[in-house]
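# Geometric and topological summary
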Amino acid sequence: MTAGILLDVRGVSKRFGGFEALTRVSLQVREGERFGLIGPNGSGKTTLINCVSGALGSDEGEIRFAGHDITRLPAHQRTRLGIARSFQIPKPFVSMTVLENLCIPAEYAAHARFPGAGADVVAEAMEILRLIGLEAKAHAPAAGLTQIELRKLELARAMAARPRLLISDESMAGLSSAEVDEILAILLALNERGIAIIMIEHIMRAVMRFSQRIVVLDAGARIAEGGPGEILNNPAVEKAYLGE
Amino acid sequence: MRGRALLAVAVALVVLAVALTRLSANQYYYFAAYVIFQYVVLATAWNILGGYTGYVNFGSAGFFALGAYTAAILIKAFPVPFPVLLLAAGTVGGLLGLSLGYLTLRLRGVFFSIATLALAVVLQTLIVNWEYAGGSRGIYTMRPATVLFFDNYVEFLFVVMLILALGALATARWIEHSRLGRGLAAIRDNEEAAECMGVPTLRLKLVAATVSGALMGIAGAPFPYYVTYMEPASTFNLDYAVNSLAMPMIGGATTWVGPLLGAVLLGTAQQIATVTISSALNLLIVGVVLVAFVILAPDGIIGLVRRRRGGRHA
Ligand SMILES: Nc1ncnc2c1ncn2[C@@H]1O[C@H](COP(=O)(O)OP(=O)(O)OP(=O)(O)O)[C@@H](O)[C@H]1O
Ligand SMILES: [Mg+2]
C-alpha cells in the first residue's frame, strides 16, 4: 500500500474522572483504506471514535487529518474537513423525513467545503439513498424506521457530508445475517468510491472479510495490529477476547 | 400561503388597524388588542429558542421587563424618539439573549430552564434595588401629548404593537424556511448528531438566543407608555413567562403559525375573562389548557390539523 496517511492518531488518552478509557492509543488510516477496529465490550472503541470525530475532546496526544492538526477543532469543522461517522445508537433527526436528514450534512458540511459544486442538495441526497437502498423511504418520517433502516440512515447521512473518511460504529449489531451482508455490501461499495472506512464491529466474519488492516483495543490500550490473518492467530488478541 | 400573499395580508392589516383608530371606538378595545399583539411577539420570540431549537426559556418575563425598563429609564433620562426605544430595548434584550446562548454550552434540558428562571429573578432583584429605575416603588412615564396623526397615544401604541407582531412573525417565518432554521431543527432533534453532521451548533444557538431575546426586549419597549406606571412585581410578572411558553405549545411549536394561533386564542380568552370575571383567572385558564394539550395534543393545534389532513410532513 503506497497511499498517503489520511488519519494519524498519536498517543491519544481519554479519562472519565479517575477512569482511563484510552491510554496513549496510536493508529494510522491511509487514503481509501478499509480499516477494522475491534476489541471486547468497553475496550474504548467508541470513545476513540468520539475523540477522532470531535464529539469528545482528548486529554493527551495529537490527531491529524489530511495534513491538518484537528486535535482542538470542534466536531463540525472536522466533518467539513471530511470525517463523517455513524452512531452506534442511531441518532436520527426525528422531526424530519429521511431525505431531510441527509440535507443537513449536505447543506452544512458538503456544501461548506465545495461551495457551488452541485447546488442541488436534494438530487444529491436522493442519489445517496439509492446507493444505500433507502430511496423508497425518502419521504417517510425518520421516526418510523425499522432497526436496519435506521442503520442505513446513519450511513446515508454520514455519506451526505461527502467524507474522505467514514467511521461506521457497529452498523451491523443486532441485524440478521442477510442484513449484515447487505450493510457489508454497502460499505464495500462506498469504499469503491475512494472513501476510507473505519469499521467497528463485533461480528468477526464481517470485519475479517472487510478489513485490509485491523487494530485491536483492550482496556483502552492498543494490543495488536495486522492483517485479518495475523489478528486471528495473535495469542494476545485471543486472550483479550476469551480471558485467561 | 406564499410570501407575497402574506406580505399583502400584513400590509392590509396595518391599513385596517390605522383605519380602525379613526372610528374612535371604546379605548378598551385598543388596550386589549395591544396585549394580544404583545403576546404574539413574546410567543413568537420564545418559540425561536424553545420551539425551533429545543431550549426552554422560563425567563421571558425578565427579557420583557428588561426591555420595558430600558425604555422607561431612557425616557426618564433623555427626550428620545420612539424608534430609539425599540432599538435600545432590542439591543439590551439581544445581549441578554446572547449570554443565555453561552449558557447552553454547559447546561441542557431542565438545567438550562432553571438557569433562565434564575436569570429573571436576578434581574428583578437588580431593578428592585436600583433607585434611579424607581426601585420597588416603581417608575412613572409621561405619554407625549400627541404623536403623528393619532388622536390618542394608545391608538398609536396599538398600531405599533401590530407592526411589531407582524415583524416578529416575518422573522420567525424567514428563519423557519432558511438553512438556519433547518440547522436549529437538527439541534432540537439531536444536538450531538447535528454537530457531527457539520452544523456549527454553538453559533446557531447563539443566533437563536440573541434573536429571541431581542424580540422579547422590543416587545417590552412600548410598555412604559402603555401603562404609564411600572413597578417590578407586575413587569416581571409570571404571566409573561407562562404565556410566552404556553401559547406556542398550545398552537404548535415547530412552525411560526403555532405561536400566532396560541397567542390570539389564549390572549383573547384571557382578555374576555378579565372583563367578565377577573384577571386572577388568566393563569388558571392557561394552566388548564396547557395541561390538556400536553396530554392530548402534544404537537398543538397545528399538530391536530396535520393529523386530520392525513399527516403529511411539511
Ligand atoms: N461519557 C462517559 N463517561 C464515563 N465513562 C464512559 C463514558 N463513555 C464511555 N465510558 C466508559 O469508557 C469505557 C469504554 O467505553 P466505549 O463505549 O468506548 O467502549 P466500546 O469499545 O465502544 O464498547 P462496545 O463494544 O460495548 O461498544 C467503558 O468502560 C465505558 O463505561
Ligand atoms: Mg462502542
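Residues numbered from 1 in each chain as written. Chains lettered and ligands numbered in written order. Predicted model: local features only at pLDDT ≥ 70, side-chain atom pairs only at ≥ 80, totals over all residues. Heavy atoms only, no water.

### Re helix α7 (residues 179–189) of chain B
Residues and elements named next belong to chain B. Within α7, eight of the eleven residues are buried, which leaves the element mostly enclosed by the surrounding structure. By the burial criterion, the buried members of α7 are Leu-180, Gly-181, Gly-183, Leu-184, Ala-185, Ala-186, Ile-187 and Asp-189. N-capping of α7 is provided by Ser-178, with a side-chain oxygen placed 3.3 Å from the backbone N of Leu-180. (Buried < 20%, exposed > 50% of the residue type's maximum accessible area, 1.4 Å probe, protein only. Helix = DSSP H or I, 4+ residues; strand = E, 2+ residues; numbered from the N terminus. Polar contact = N/O pair within 3.5 Å; in protein donor to acceptor, adjacent residues only side chain to side chain.)

### Examining the site of ligand 1
All names here are of chain A. Looking at ligand 1, there are 14 residues lining it, with Asn-41, Lys-45, Thr-46, Thr-47 and His-202 nearest. Interatomic distance of 2.7 Å between a side-chain N/O atom of Lys-45 and an oxygen atom of ligand 1. One nitrogen or oxygen atom from the side chain of His-202 is found 2.7 Å from an oxygen atom belonging to ligand 1. When ligand 1 sits alone it has 630 Å² of accessible area, and the protein chains cover 61% of it. (Near = heavy atom within 4 Å. Areas by Shrake-Rupley, 256 points an atom, 1.4 Å probe, with all protein chains shown as cover.)

### Comments concerning the interface of chain A and chain B
Listed by partner, the interface residues are 26 residues for chain A and 21 residues for chain B. Of the roughly 2100 Å² buried between chain A and chain B on both sides combined, carbon and sulfur atoms contribute 59%. When the buried surface of chain A facing chain B is broken down by residue, His76(A), Glu107(A) and Tyr108(A) rank first, second and third, together holding 30% of it. Across the chain A-chain B interface, the total number found is two salt bridges. Glu192(B) serves as the salt-bridge partner of Lys91(A), at 3.4 Å between the closest nitrogen and oxygen. For the side of chain A that touches chain B, the secondary structure elements donating two or more residues are α1 (45–53), α2 (75–81), α3 (98–113) and α5 (147–159) of chain A. The element that contributes the greatest number of residues to the side of chain A that touches chain B is α3(A), accounting for six residues. (Contact = heavy atoms within 4.5 Å. Buried area = accessible area lost by both parts, 1.4 Å probe. Salt bridge = Lys/Arg side-chain N within 4 Å of Asp/Glu carboxyl O.)

### Quick look at the pairing of strand β2 (residues 19–30) of chain A
Residue and element names in this part refer to chain A. Where strand β1 (residues 5–16) lies against β2, eight bridges are found, and the strand directions are antiparallel. Within β2, the residue paired with Lys-14 across the bridge is Leu-22. Here β1 folds back onto β2, and the loop between the two strands holds two residues, one of which, Gly-17, carries a positive phi near 60°. (Pairing = 2+ DSSP bridges.)

### A look at unusual backbone geometry
Residues other than glycine seldom take positive phi values, yet Arg24(A) does so here, at roughly 40°. Locating Arg24(A) in the fold gives a position in strand β2. Positive phi values are uncommon outside glycine, yet Thr228(B) reaches one of about 65°.

### A word on the coordination of the magnesium ion (ligand 2)
Residue and element names in this part refer to chain A. Around the magnesium ion (ligand 2), the protein supplies Thr-46 (OG1) and Gln-88 (OE1) as donor atoms, at distances of 1.9 to 2.2 Å. Remark: Gln-88 occurs in the loop between β6 (83–85) and α3 and Thr-46 occurs in helix α1; sequence separation between them is 42 residues. Given a relative accessible area of 30%, Gln-88 falls into the partly exposed group. (Donors = N, O, S within 2.8 Å, 3.2 Å for Na, K, Ca; no water.)

### Considering the sheet that holds strand β8 (residues 196–200) of chain A
Residue and element names in this part refer to chain A. Strand order in this open sheet of six strands is β6-β7-β8-β3-β9-β10, and the pairing throughout is mixed. The open sheet has two edge strands, β6 and β10 (221–226), and neither has a second partner. Adjacent strand axes in the sheet meet at a mean angle of 20° when their direction is disregarded. Relative to strand β7 (residues 165–169), β6 runs parallel, the two sharing three bridges. Looking across to β7, one finds that Ile-83 is bridged to Leu-165. Strand contacts of α5: β6 and β7, with the helix running at about 165° to β7, the strand carrying the most contacts. (Axes fitted to C-alpha atoms, helices over the stretch in contact; angles between N-to-C directions.)

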